[in-house]
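# A structural walkthrough
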Amino acid sequence: MKYCLGIESTAHTFGASVVTFSGKILSNVKDIFTTKKGGMIPAEVADHHVNVCGDVIQKALDNARVSLKDITLISYSASPGLGPCLRVGAMAARSLAVMGSIKLVGVNHCIAHLEIGRLLTKAKDPVLLYASGANTQVIAYEGKKYRIFGETLDMGIGNFLDSFARDLGLGFPGGPKIEELARKGKKLIALPYSVKGMDVSFGGLQTNLRRKVESRKYKKEELCYSVQETVFAMLIEVTERAMAHCDKKELVLGGGVACNKRLQEMARIMCKDRKATCYLLENQYYVDNAAMIAWLGILQFKAGESVQPEKADIDPYTRTDDVVVKWR
Ligand code: AMP
Ligand code: MG
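Small disclaimer: the values here were computed from a predicted structure and weren't measured. (Residues numbered from 1 in each chain as written. Chains lettered and ligands numbered in written order. Predicted model: local features only at pLDDT ≥ 70, side-chain atom pairs only at ≥ 80, totals over all residues. Heavy atoms only, no water.)

In this section: the site of ligand 1. Of all residues adjacent to ligand 1, which total 16 residues, the nearest are G133, D162, G175, E179 and G256. One of the side-chain N or O atoms of D162 is found 2.7 Å from an oxygen atom in ligand 1. N260 is positioned such that a nitrogen or oxygen atom in its side chain is 3.0 Å from a nitrogen atom of ligand 1. Contact with the protein chains removes 90% of the 510 Å² of surface that ligand 1 exposes when unbound. For the shell around ligand 1, the secondary structure elements donating two or more residues are α4 (157–167) and α5 (174–182). The element contributing the most residues to the shell around ligand 1 is α5, with 4 residues. In terms of residue class, the shell around ligand 1 is built from 4 nonpolar, 9 polar and 3 charged. (Near = heavy atom within 4 Å. Polar contact = N/O pair within 3.5 Å; in protein donor to acceptor, adjacent residues only side chain to side chain. Areas by Shrake-Rupley, 256 points an atom, 1.4 Å probe, with all protein chains shown as cover. Helix = DSSP H or I, 4+ residues; strand = E, 2+ residues; numbered from the N terminus. Nonpolar A, V, L, I, M, F, W, Y, C, P; charged D, E, K, R; others polar.)

Turning our eyes to something else, we now look at the pairing of strand β8 (residues 145–151). Of the pairings in the sheet, the one linking strand β7 (residues 136–142) to β8 comprises 6 bridges and is antiparallel in character. By the bridge assignment, V138 is partnered in β8 with G150. Between β7 and the antiparallel strand that follows it, β8, lie 2 residues; G143 among them carries a positive phi value of about 55 degrees. (Pairing = 2+ DSSP bridges.)

Once that is clear, we can look at helix α8 (residues 261–273). In this model, α8 (13 residues) spans 18 Å end to end at C-alpha, consistent with the 18 Å of a helix rising 1.5 Å per residue. Taken residue by residue, α8 has L263, Q264, M266, A267, M270 and C271 as its buried positions. Along the long axis of α8, the arc covered by the buried residues comes to 165 degrees, so they all point the same way. α8 presents K272 and D273 as exposed residues on the side facing more than 90 degrees away from its buried surface. Those residues of α8 that are buried lie in contact with β6 (127–131), α7 (220–246), β11 (250–254), β12 (277–279) and α9 (283–286). Capping of α8 at its N-terminal end is provided by N260; its side-chain oxygen lies 2.9 Å from the backbone amide nitrogen of R262. At the C-terminal side of α8, K275 shows a positive phi close to 55 degrees. (Expected span 1.5 Å × (residues − 1). Buried < 20%, exposed > 50% of the residue type's maximum accessible area, 1.4 Å probe, protein only. Arc of directions from axis to C-beta. Contact = heavy atoms within 4.5 Å.)

Before going further, it helps to examine the domain arrangement of the protein chain. Interface size is often expressed as the accessible area that is lost when the parts come together. The domain architecture assigned to the protein chain consists of domain 1 (3–113 + 286–322) and domain 2 (125–280). Taken together, the contact between domain 1 and domain 2 spans 11 residues of the former and 19 residues of the latter. Between domain 1 and domain 2 the total buried area reaches about 1400 Å² when both faces are included, carbon and sulfur atoms providing 60% of it. Counting the contacts that link domain 1 with domain 2 gives 1 salt bridge. We note a salt bridge from R319 to E151, for which the minimum N-O separation is 3.1 Å. Where domain 1 touches domain 2, the interface holds 6 residue pairs in polar contact (both at pLDDT 80 or more). Top element by residues in the side of domain 1 that touches domain 2 is helix α3 (residues 109–120). It accounts for 4 residues. In terms of residue class, the side of domain 1 that touches domain 2 is made up of 4 nonpolar, 3 polar and 4 charged. (Domains from an automatic or database assignment. Buried area = accessible area lost by both parts, 1.4 Å probe. Salt bridge = Lys/Arg side-chain N within 4 Å of Asp/Glu carboxyl O.)

Here's what the structure looks like:
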């Protein structure tokens, strides 16, 4: 049996996972950096990753009942993400690869979100709506690349939700708290709806909401309800247009915001209307996870890719469509 050890460290999550070459996920362990106040300071998050990486990797091996000598391949998230965080994962991967004379491969985190959807569902050629903290992209495969058909022009939807939640005094992460309050809201407050071609933006909405919160004229529940209805409609609109444009009949979701039940419901309704299928995953595979990094590593390795440890770099800014896809 061949095993891949995946290592994820693009942002707040340090994760490790063991996946067999046939796609069975044997373990999926993570430790997430959290703060009570303020956002993520990259150097602090990187310190967190340095502190937990040994334990997380050991636990992933233990849960899978394998040891390092059983591992055929190590896969790490090479891009995109926060430089200092990516470096910790790459360093851990390199060190283990040298120690155990194990093959090594670096992968793109956004593409991994799509490939784990293909592994875990019957989806063959889906569009991915990737809605996470820092990223908001609609991605699909065309002509040897994963193309970005639409994306945010400013902040990621998760960061937008978290900052709105902060304005409301709800704490971090804000997405789940907004979802909870939104269930109690009924009245739709008109909010700026910002779809520009295939892209979305949240900056204007953020300013508009800040004024509304400061005015104290609106109930939190109704603001949360209206925010969800508005921003999720924006995402679903561009996703639907991408599906129509590419003539694709399958949708998978990815990113932490994909855990949201209302977003899932809207995605399902849209797919039903156009006789497409919306595939949902367990939450552990929406949020940042190392199983998807391991699986994409396996796909790339089987297609003939690997990297020498001394050349195992990171790049915080590689875009989804910079990657040449050799495994499809
Ligand atoms: P990620 O960057 O993929 O790890 O996702 C983190 C983001 O997902 C944060 O901005 C969270 O607020 C957001 N998030 C997590 N759960 C939910 C939820 N149920 N509804 C909306 N956003 C969520
Ligand atoms: Mg992610």
